[in-house]
Amino acid sequence: MDEHQFQDILRFYGSNTSLSTANLENFLYLLTTRRPPASVDSVANPLRNAECLSVSDLLAVFGLANVSEVTVDQLELVCPAVLTQVLLPSCPYMTPHSQTIDSKVWGYGFLAVTIINLASLLGLLLIPFTKKSYFPKVLTYFIGVAIGTLFSNAALQLVPEALGFDPKADDYVLKAVGIFGGFYVLFFTERVLKMALKVDSEMADVSITNFSNDTVIHNICNDLITNSVNHDVIPNIPCDKPVHPSVSPVSDQEACVFLTCRWLRGERVSNIKTVAWMITLSDGLHNFIDGLAIGASFTLSLLTGFSTSIAIVCEEFPHELGDFVILLTSGMSVPQAVFFNLLSAICCYLGLVLGILLGSNIAPNAIFAIAGGMFLYISLADMFPEMNSIMTTYAKGTSGKVIFFVLQNCGLLTGFSVILLITMFAGNINLG
């Protein structure tokens, strides 16, 4: 069959340029019902015991699982499988089978979300290091990695999957590299010009490392000593002022039913600033969408799931570090900040379960579209200004600016290269 014959099929059963999956199913039903039964029930038929695939399963064999409209080239690709169904006695496909979710999807999905949540808690342990002179440089590199992974994961994987085509088809990867190239060339040129002309008009109002680290570390010391009041050993942690914890009144002890009440001791909820609750709620929503994206990605393929997880874990470290600082400076104690951070982390597991269920039963195009838009916003509108703000605040002199500029470039290129290599060699990597 030549291309004109395929176009005739599309014009008759679909539109001029594409064929919907519903019309393709009708086309298969027509082919497999208009045949003499004896022609396929013969012992000489080598496919008499083969299973009849549904339209979605047939398209998935050719890497078109999320396709909603079949083009001429795609119809030509699946044509041998379509004609083969004429020889299958089990066709036409009538009753949909209940799709079982591979246990690896659940296992790897929960493992990825757990690693991401542990990475977010890592930010709390690194708060004392924010006073070190090298910390802004390290943070700049990691923010660059996060921007590179989020941007490239959205452009190379999530957006094409949302639009329903294979990222490796039609030279899309090369075109997506051009998208990143346009972004990177403009960033590189702008930064070089600003350093050469000694112009820097970017002033960030709030930076992750602009908070009072002395206050934060002092609060950590107080919490550790207060929680050790009934123990013989008190950690030898230097604090600005001596702390003399007092035993809580009997009424307060009776009010605590659970043992965790002592662990969560801190400021009253009414004394905690509103910004802390806003951060907690937004983190919960953010984590839920992250879980949706991870779950839907793992149902597509394990490699796509890991690619999305890498992008999210690179973003979580600097993001959660800033959130922990805000929570502590808003009046929360360290145990309170950890507790409410864990509560928001549960939303990631809920999103993961929903993403796996939705991705296994329907085409998860909408989830990929939402996640792709979110990744682009976080990388370009949220983290990119923060990276420039750190350079503006801490780069001293021309040599300092050059060092920060090199770290920014290394981070961006590292993040982009990781996702690009995963996308290009996805078919050659076997994860079982």
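Residues numbered from 1 in each chain as written. Predicted model: local features only at pLDDT ≥ 70, side-chain atom pairs only at ≥ 80, totals over all residues. Heavy atoms only, no water.

Colleague: So what's going on with the packing of aromatic side chains? Residues and values would help.
Modeller: Taken as a whole and judged by the stated rule, the model has 18 aromatic pairs. Between Phe-110 and Tyr-349 the ring centres are 5.7 Å apart and the planes differ by 25°, which places this aromatic pair in the stacked class. Of this pair, Phe-110 sits in helix H6 (residues 103-125) while Tyr-349 sits in helix H14 (residues 334-361), and the two are 239 residues apart along the sequence. Arranged with centres 5.8 Å apart and planes meeting at 75°, the rings of Tyr-141 and Phe-142 form a pair that is edge-to-face. Here the aromatic residues Phe-151, Phe-180, Phe-183, Tyr-184, Phe-187, Phe-188, Phe-384, Phe-405 and Phe-416 are joined through ring pairs into a cluster of three or more. (Phe/Tyr/Trp six-rings, centres within 6.5 Å; stacked < 30°, edge-to-face > 60°. Helix = DSSP H or I, 4+ residues; strand = E, 2+ residues; numbered from the N terminus.)

Colleague: For the pattern of salt bridges, give the residues involved together with the corresponding values.
Modeller: The tally for this structure, following the rule as stated, stands at one salt bridge. In this structure, the salt-bridge partner of Glu-190 is Lys-194, at a minimum N-O distance of 3.6 Å. Linking Glu-190 with Lys-194, this pair stays in helix H8 (residues 172-197), spanning four residues, or about one helical turn. What makes Glu-190 partly exposed here is its relative accessible area of 37%. Owing to a relative accessible area of 13%, Lys-194 belongs among the buried residues under this scheme. (Salt bridge = Lys/Arg side-chain N within 4 Å of Asp/Glu carboxyl O. Buried < 20%, exposed > 50% of the residue type's maximum accessible area, 1.4 Å probe, protein only.)

Colleague: Break down the packing of helix H7 (residues 135-163) against helix H15 (residues 365-394) for me, citing the residues and quoting the values.
Modeller: Close contact between H7 and H15 brings their axes to 8 Å; oriented N to C, the two are set at 160°. On the basis of their axis angle, the class for H7 and H15 is roughly antiparallel. The crossing of H7 and H15 is left-handed. When its residues are assigned to classes, the contact of H7 with H15 shows 22 nonpolar, six polar and two charged. (Axes fitted to C-alpha atoms, helices over the stretch in contact; angles between N-to-C directions. Parallel < 35°, antiparallel > 145°, perpendicular 65-115°, else oblique. Left-handed = near helix turned anticlockwise from the far one by under 90°. Nonpolar A, V, L, I, M, F, W, Y, C, P; charged D, E, K, R; others polar.)

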